[in-house]
Amino acid sequence: MVENQQCSHVSIFTAQAIHINIAGITSISSKSEKGESKVKRIGPHIEIYQVFRERDRFMITKKIVRMIIVMQAHVRGWLERKRFQRIINKASYHGPDLKTVLNMYRRTIHRVRYRLGLWRTRQIVNYTELEEWMDRKKFYETMFAKREDWQGLERSELLKYFNDCGHFPTQKQIDNVWNLVHTDDHERYSELIKKFKAVEMIFTLYPPLGAHVIKNTQLKSTWLRPIINGEEGYKYIVNGHPILKRANIQIVGKLVANSMRERKFRQHYKS
């Protein structure tokens, strides 16, 4: 009899404990639902709320750092090897081996800097600059081959040749570069030009990256041929770029008039 009473008391106690646990669970779930409902009411700040919620932090140990460094070294090494192989493949177009092409590149940079009055002609070979020079040289030679005849290219065709290469200098600039590149009297007064000299003229007027020409005195920005951040704006006018808009002639007239007035004032005060 006593045992039955004790069993009944235990069952009642366990039932009460289960009821309490269920009540606690339901209260916790109700609190979480209330929290989620609050988050939903917040609206556009859900992302901010989720960012600042407590999370398990990822521990960065020395072993993980070393793994990351090794992985970066493998990836960067693979990229450098691929780029070096690409440069070797491109160099095969310009010469028998990479060493010969490097010597050609150094001599070209030396001549360009010397013609522009930059006496410090010491060079540090950069693969990016070398690749840029090889790409441009191949493109210029390809465009020259489309216009030349069996003797070469006529001097009168140089302006069109420059335009084919994506450059738009004036005839005066071409004549100045012609005198810089052709030092001999026989070449200077000739009406024909060979491929090597034509490419030299372009690189003198538009130096490669390896020359490190900060301020090119051969090219000057004008109203009709503006140069913005080293890039010719005239090619957008010729090609009809969609970003161009028709200018208001009144605004342009005021701008030109103010510029002419300022120039006259400066000349007057200098005299």
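Predicted model, so just to flag it, every value in this text is computed and none were measured.

A few points about the packing of helix α3 (residues 62-94) against helix α5 (residues 127-147)
The contact between α3 and α5 brings their axes to 10 Å, and the two run at 35 degrees. Between α3 and α5 lies a crossing of left-handed hand. Contact with α3, carried on its side by Arg83, Phe84, Arg86, Ile87, Lys90, Ala91, Tyr93 and His94, involves Tyr127, Thr128, Leu130, Glu131, Met134, Asp135, Lys137, Lys138 and Glu141 of α5 and no other residues of that element. Per-class residue counts for the contact of α3 with α5 are seven nonpolar, two polar and eight charged.

Regarding the packing of aromatic side chains
Applying the stated rule across the entire model yields seven aromatic pairs. Pairing Phe84 with Tyr127 gives two aromatic rings, centres 5.8 Å apart and planes at 45 degrees, and the pair type is tilted. One end of the pair, Phe84, is in helix α3; the other, Tyr127, is in helix α5, with 43 residues separating them in the sequence. Judged by its relative accessible area of 32%, Phe84 is partly exposed. Taking relative accessible area as the criterion, Tyr127 reaches 32% and is therefore assigned partly exposed. Seen in terms of ring centroids, Tyr161 and Phe162 are 6.1 Å apart; in terms of plane orientation they differ by 85 degrees. Their pairing is edge-to-face. In this structure, Tyr161 and Phe162 share a single accessibility class: buried. Members of the aromatic cluster, each reached through a chain of ring pairs, are Phe139, Tyr140 and Phe203. The side chain of Lys138 reaches across the aromatic face of Tyr93, ending 5.0 Å from its centre. The side chain of Arg155 reaches across the aromatic face of Trp178, ending 4.2 Å from its centre.

Thoughts on the pattern of salt bridges
Summed over all chains, the structure comprises 11 salt bridges. Taking the shortest distance from any N to any O, the salt bridge between Glu200 and Arg115 comes out at 2.9 Å. Here the residue Glu200 occupies a position in helix α9 (residues 195-205), and Arg115 occupies one in helix α4 (residues 98-115), the gap between them amounting to 85 residues. Judged on exposure class, the residue Glu200 and its partner Arg115 are both buried. Linking Asp164 and Arg147 is a salt bridge whose minimum nitrogen-to-oxygen distance equals 2.4 Å.

Here we look at a positive patch on the surface
Taken together, the side chains of Arg261, Arg263, Lys264, Arg266 and Lys270 define a basic patch exposed on the protein surface. For Arg266, the location among the structural elements is in helix α11 (residues 249-270).

Describing unusual backbone geometry
Even without being glycine, His212 reaches a positive phi, approximately 55 degrees. Structurally, His212 can be placed in the loop between α9 and β3 (227-228).

Here's the deal with the nonpolar core
Leu130, Trp133, Leu158, Tyr161, Phe162 and Met201 are the most contacted members of the largest nonpolar core, which totals 35 residues. Elements with a minimum of two residues in this core: α3, α4, α5, α6 (158-164), α7 (171-181) and α9. No other element matches α4, which puts seven residues into this core. Residue contacts for Leu158: discarding those within four places in its chain leaves Leu153, Ile174, Trp178, Ile193 and Met201.

Definitions and cut-offs
Residues numbered from 1 in each chain as written. Predicted model: local features only at pLDDT ≥ 70, side-chain atom pairs only at ≥ 80, totals over all residues. Heavy atoms only, no water. Axes fitted to C-alpha atoms, helices over the stretch in contact; angles between N-to-C directions. Helix = DSSP H or I, 4+ residues; strand = E, 2+ residues; numbered from the N terminus. Left-handed = near helix turned anticlockwise from the far one by under 90°. Contact = heavy atoms within 4.5 Å. Nonpolar A, V, L, I, M, F, W, Y, C, P; charged D, E, K, R; others polar. Phe/Tyr/Trp six-rings, centres within 6.5 Å; stacked < 30°, edge-to-face > 60°. Buried < 20%, exposed > 50% of the residue type's maximum accessible area, 1.4 Å probe, protein only. Lys NZ or Arg CZ within 6 Å of the ring centre and 35° of its normal. Salt bridge = Lys/Arg side-chain N within 4 Å of Asp/Glu carboxyl O. Patch = residues over 30% accessible without salt bridge, like charges linked within 9 Å, V, L, I, M, F, W, Y side chains within 5 Å. Areas by Shrake-Rupley, 256 points an atom, 1.4 Å probe, with all protein chains shown as cover. Lys, Arg positive; Asp, Glu negative; His and termini not counted. Charge placed at Lys NZ, Arg CZ, Asp CG, Glu CD. Core = buried A, V, L, I, M, F, W, Y, C linked by side-chain atoms within 4.5 Å.

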